[in-house]
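A look at the structure
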Amino acid sequence: MLGKIKSKLIESKEAWSREGRLLTGEDGRSDSRLPPGQRLVKQWPVLDLGVHPEVPQARWRLEVDGLVANPLVLDWQGLQQLPQSQQRCDIHCVTSWSMFDTDWRGVSARDLLAAVQPLPSARHVVLHAFDGYTTNVSLEVFSAPDAMIATHFGGEPLTKEHGGPVRMLVPQYYLWKSAKWLSRIEFVAEDRPGFWEVRGYHNEADPWLEQRYDWQ
Ligand SMILES: Nc1nc2c(c(=O)[nH]1)N[C@H]1C(S)=C(S)[C@@H](COP(=O)(O)O)O[C@H]1N2
Ligand SMILES: [Mo]
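Report on the accompanying structure. (Residues numbered from 1 in each chain as written. Chains lettered and ligands numbered in written order. Predicted model: local features only at pLDDT ≥ 70, side-chain atom pairs only at ≥ 80, totals over all residues. Heavy atoms only, no water.)

**A short note on the pattern of salt bridges**
The condition that has to hold: We define a salt bridge as a contact between a side-chain nitrogen of Lys or Arg and a carboxyl oxygen of Asp or Glu at a distance within 4 Å. A helix here means a DSSP run of H or I that spans at least four residues, while a strand means a run of E at least two residues long, and both kinds are numbered starting from the N terminus. Partly exposed describes any residue whose relative accessible area lies between the buried limit of under 20% and the exposed limit of over 50%, with all areas from a 1.4 Å probe on protein chains only and scaled to the type maximum.
All chains considered together, the criterion is met by 11 salt bridges. Residue Glu 14 pairs with Arg 199 through a salt bridge whose shortest N-O separation is 3.9 Å. In this pair, Glu 14 sits in helix α1 (residues 7-19) while Arg 199 sits in the segment after β11 (182-188), placing the two residues 185 residues apart along the sequence. Note on Glu 14: relative accessible area 24%, which makes it partly exposed. Its relative accessible area of 26% is what places Arg 199 among the partly exposed residues. The salt bridge involving Arg 33 is made with Asp 90; its shortest N-O contact spans 2.8 Å. Remark: Asp 90 occurs in strand β4 (residues 85-92) and Arg 33 occurs in the loop between α1 and β1 (39-40); sequence separation between them is 57 residues. In this structure Arg 33 comes out as partly exposed when scored by relative accessible area, which is 40%. We classify Asp 90 as buried; its relative accessible area is 17%. The network of salt bridges with shared partners includes Asp 65, Arg 184, Glu 186 and Arg 192.

**Overview of unusual backbone geometry**
The residue after Gly 164, namely Pro 165, is reached through a cis peptide bond having omega 10°. With respect to the helices, strands and loops of the structure, Pro 165 is situated in the loop between β9 (156-157) and β10 (167-169). Positioned with a positive phi, Asp 101 is a non-glycine residue whose angle comes to about 55°. In this fold, Asp 101 is placed in strand β5 (residues 97-108).

**Digging into the sheet that holds strand β6 (residues 124-129)**
Put simply, the rule is: Should DSSP find at least two bridges between two strands, the strands are taken to pair. To obtain each axis, a line is fitted to C-alpha atoms, and for helices this fit is confined to the stretch in contact; angles are then taken between N-to-C directions over 0 to 180 degrees.
Reading across from one edge, β3-β2-β11-β6-β7 is the order of the five strands in this open sheet, with mixed pairing throughout. Unpaired on one side and paired on the other, β3 (72-75) and β7 (134-138) mark the two borders of the sheet. Across the sheet, the mean angle from the axis of one strand to that of its neighbour is 15°, orientation sign disregarded. Two strands pair when backbone bridges link them, and strand β2 (residues 61-66) and β3 are joined in this way by four bridges, in the antiparallel orientation.

**What to know about the packing of aromatic side chains**
To be explicit about the condition: Under the pairing criterion, centres of Phe, Tyr and Trp rings, with the six-membered ring standing for Trp, must be within 6.5 Å; the plane angle then separates stacked pairs below 30 degrees from edge-to-face pairs above 60, leaving the rest tilted. We call a charge positioned above a ring when the Lys NZ or Arg CZ atom is no farther than 6 Å from the ring centre and deviates by at most 35 degrees from the ring normal.
A complete count under the given rule lists 10 aromatic pairs for this structure. With centroids separated by 5.5 Å and ring planes inclined at 75°, the aromatic side chains of Trp 176 and Tyr 201 adopt a geometry described as edge-to-face. Note that Trp 176 is positioned in the loop between β10 and β11 and Tyr 201 in the segment after β11, a separation of 25 residues in sequence. Neither Trp 176 nor Tyr 201 differs from the other in exposure class; each is buried. Through a chain of ring-to-ring contacts, three or more aromatic side chains come together here, namely Tyr 133, Tyr 174, Trp 176, Phe 195, Trp 196, Tyr 201 and Tyr 213. Of note, Lys 13 hangs over the ring of Trp 196, and the distance from its end group to the ring centre comes to 4.7 Å. Stacked on the ring of Phe 100, the Lys or Arg Arg 33 has its end atom at 4.1 Å from the ring centre.

Here it is in structure tokens:
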């Protein structure tokens, strides 16, 4: 899949990282609801590697495995049988747009964790997607109350463009951590940087700290 993606797009985003594009150097402790360097949009942009995998709800499966006591393969029904949560949150993309008050529905990561029971050795989480994309978060960030395996946006099922039928949502980080077309949640001991994290993007992605890039 990744062979077909837009290499121009990847090259330009790698260049952004080298140039430190959009960095303001603010300390992020302002009272603003908008993180430094961000601007508000009303329409939800679509950003990805240019491949929108067709994953019909009936064929969608989510593997939850690695360092867990109770590995699972969830289908759509199985996901619906877990407790369902809703939340309203702001989302922030590293390309500088933010949206306020977005409404989401799905299974909270905490309820998934209760089902799979990570082992004490599990410290990090790798999110895999049907287009070959990966991204990584610490188990701590994955366990935040607002991290969610999302199925609905604005009261409607997630569209394919935005990662339907099921995507990750990690609102406390820039949106590249929120893998669309989620296929696998893997619990690991050692951190494993994902697609953008090995291409100059920060290993963490806190918009309030402007953790956009990492050249180290
Ligand atoms: N599977 C997958 N998930 C992905 C991406 C991708 O290319 N593939 N792009 C990431 C990036 S860089 C961003 S900014 C957000 C964009 O989400 P949106 O298109 O719903 O706005 O998805 C993230 N999740
Ligand atoms: Mo992005």
